Amino acid sequence: MSDKQIRIFDTTLRDGEQAPGCSMTLSEKLRVAKALSELRVDVIEAGFPAASPGDFESVKAIADRNFGPIICGLARCNPGDIQKVYEAVKGADRHRIHVFVATSAIHREHKLKMAKEEIIKSAVGAIEMARELVDDVEFSPEDASRTELAYLAEVVSAAIEAGATTVNIPDTVGYTVPAEFDRLFRYLKEHVANIDNIILSVHCHNDLGMAVANSLAAVNAGARQIECTINGIGERAGNCSLEEAVMAIKTRAEFFGLETGIDTTRLYPTSRLVSNITGMHTPRNKAVVGENAFAHEAGIHQHGMLQHASTYEIMRPEDVGLSRSNLVMGKHSGRHAFRDRVAELGFELDEFETNRAFQEFKKLADKKKDVYDGDIEAIIMNADSASSGPWTLKSLEVQTHTDQPATAAVTLIGEDGEDKTESARGDGPVAAAFLALEQATGVQLTLKNFELHSASIGEDAQGEVTVTVEYDGESYRGRGASVDIVEAGCRACLEVMNRILRRKQYGSSGPGRPTPEQATI
Ligand code: KIV
Ligand code: ZN
C-alpha cells in the first residue's frame, strides 16, 4: 500500500453496535458486513467475542463468510479474551486481533488500579500472545488523548517492540481538539523508535462534535488508518463518521494528498441500510448522507445551481450514491422501472424478493399518488422484517373516540393458514391494537419507546415506526411501515413478537440472534 493510502477500519459492528438502541441481530450484522465489504472498507471490526456468546457467534459467522476485508475482533489484555478473538476470526483469510488497555492516569487510578509499569507489562504480554496466534495485531492505549505524552510514547514503543503491527490512538471520551491531536501525533512520530514500521491509527469519539475533525488532524500528522462507523453511530455522541471522513479526504484531495479505497457510490445505500436496521435515523441536515445534503432551497442558490452545480455543491450527489432526482413513481410505473429504481437505491433483490416488493409497491401506489424513494425503502425493509412469521397481519380495525377508550380488532394469519381475531380496548388506538396483538400471539411485551418517522413527503407519506420493547428482561427493537401509522406500529410490534416466538421455537443465543444456520443475507 502506498504511503498516501488511508485504511478505513469500520467499527460499526463493535463500537457502533455497543451504543444504546443500536444492537443488531446476527442476520442484520451479516447484511451490514456484506455492505461494508461492497463499500470496500479495509478492516471490519466485527465485535468483541468475549462480551457474550452471541458476540462470539456473530464475529465467527462474519469471519467464516470471508467477505474480503480483514476481519478483526476486540480483546482485553487477557489470555481468555485473546483466545476467543482468535477462535472467532480465524475463519477469515485475513484476520486481526485488536487488544486494548487504558493508559491515562484517570483510568489507571480509578478503573484499573494499576501502576504504569503493570499496564505496559500487561499490554506487552497480550501483544506477544496475540502475535503467536496471528501476524496482524493491533494495540490501543485506551484514553490515549488524556495520557501523559511521555508515558504514551513509552507504551507505544513497548507495543511496537512486542510485535504490534498497528497502533491505534483513541480519543476515547471525545476530549481532544484538532490542533492538540496534531501535536500528539507529531510527538509520537518524533519520540517513538520504529513508529514508521507500523500503521499508526486514529479512533475518535464525538462528545464535543469533533470526531471527524480530530481524525483528519491525525491523518494530516501521519496516521494512516481511520477507525469510524457508518452514520457515526457509537457510544454516547458516537464515533467518527465514515462517510464524512472519506468524503473530506476525497473532496479536499489537493489539501490532504491522500486517498482511501472506498467505493463512495456505496456510501448512501450503506448509510440507509444501517439507519434502517438500527432505527437510528440520520438527521435531514447530516453531512454527506442527510436528505438535505444536496437540497437547495434559497432562490439565489437554485439560480446558481442552474448556471453551474459547482456554485453551491462541493460534491456530486452521484459520487455518494444518491441519484440527483428523487424520482417519483406511481401506479403506472412498471416492473422494470421499479426494479431499476430499487437497484439505484442500492438494494440487491432476487427474483422472489423483487416480485414481493413490487406487489407491495402496487398496493401502496393505489393508496397514495406519488411513491418516493423513502417509500420504496420502507416497502423493502418492511417485507424483509415481516417475511419470517409465524404470524402475518391480515387486517386491523381501530375506532377512536374523543374522551373514551379506543378499540381495536386485529386478524392474524398463522403458519397453519388459519385466521385468529382478537379485539381489545386501550387508552388510545396504539395501546388497543398492541393489546389485541398480545392476546392473539400470547406474547406480552412492555413498550419502552415508540418512534414515528415519515418515510417520504406529503400528508399521505408512509409512517415508519420503530418500537423498543422489553420481554423477559431483554430489550428488542422492531420496525414497520404503512400509510396508516397505527398499522405501522402493529407491524413493528408483530415483528418483535414473531422474533420472540421463533426464538422460543428454535432457540438462540441472544435477543433476536438466530443461530448462524438460521441467519440469511
Ligand atoms: O474508544 C476507545 O477507546 C475504544 C478502544 C477499545 C479502541 O473503543
Ligand atoms: Zn471507541
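What counts, and at which threshold
Residues numbered from 1 in each chain as written. Chains lettered and ligands numbered in written order. Predicted model: local features only at pLDDT ≥ 70, side-chain atom pairs only at ≥ 80, totals over all residues. Heavy atoms only, no water. Pairing = 2+ DSSP bridges. Helix = DSSP H or I, 4+ residues; strand = E, 2+ residues; numbered from the N terminus. Axes fitted to C-alpha atoms, helices over the stretch in contact; angles between N-to-C directions. Buried < 20%, exposed > 50% of the residue type's maximum accessible area, 1.4 Å probe, protein only. Right-handed = clockwise from strand over helix to strand, strands pointing away. Near = heavy atom within 4 Å. Polar contact = N/O pair within 3.5 Å; in protein donor to acceptor, adjacent residues only side chain to side chain. Areas by Shrake-Rupley, 256 points an atom, 1.4 Å probe, with all protein chains shown as cover. Nonpolar A, V, L, I, M, F, W, Y, C, P; charged D, E, K, R; others polar.

S.K.: So, the sheet that holds strand 14 (residues 463-471): which residues are in play, and what are the values?
M.R.: Taken together, the three strands give an open sheet; going across it, the order is 13-14-15, and neighbouring strands pair in antiparallel fashion. Each edge of the sheet is formed by a strand with only one pairing partner; in this case those strands are strand 13 (446-454) and strand 15 (474-482). Averaged over all neighbouring strand pairs, the angle between strand axes comes to 15 degrees, with direction disregarded. As defined by bridge partners, strand 13 adjoins strand 14 across eight bridges and the pair is classed as antiparallel.

S.K.: Now, about the pairing of strand 2 (residues 43-47): what can you tell me, with residues and values included?
M.R.: Strand 2 sits mainly inside the fold: five of its five residues count as buried. Across two bridges, the pairing between strand 1 (residues 5-10) and strand 2 is parallel. When the sheet's bridge partners are listed, Asp10 is paired in strand 2 with Ile44. Summarising the sheet, strand 2 and strand 3 (residues 70-76) pair through four bridges and their orientation is parallel. If you follow Glu45 over to strand 3, its bridge partner there is Cys72. Each parallel crossover has a hand, and the one from strand 2 via helix 3 (residues 53-65) to strand 3 is right-handed.

S.K.: Hey, could you go over the site of ligand 1 for me, with residue numbers and the actual values?
M.R.: Surrounding ligand 1, one finds Arg14, Asp15, His98, Phe100, Ser140, Glu142, Asn168, Pro170, Thr172, His203 and His205. In this structure, Arg14 approaches ligand 1 through a side-chain N or O atom, which is 2.9 Å from an oxygen atom. Between ligand 1 and His205, the relevant distance is 3.0 Å, taken from an oxygen atom to a side-chain nitrogen or oxygen of the residue. Protein burial of ligand 1: of its 260 Å² of free accessible surface, 95% is covered by the chains. For the shell around ligand 1, the secondary-structure elements that each account for two or more residues are helix 1 (12-16), strand 4 (95-102), strand 5 (137-142) and strand 6 (166-171). Residue classes in the shell around ligand 1 are distributed as two nonpolar, six polar and three charged.

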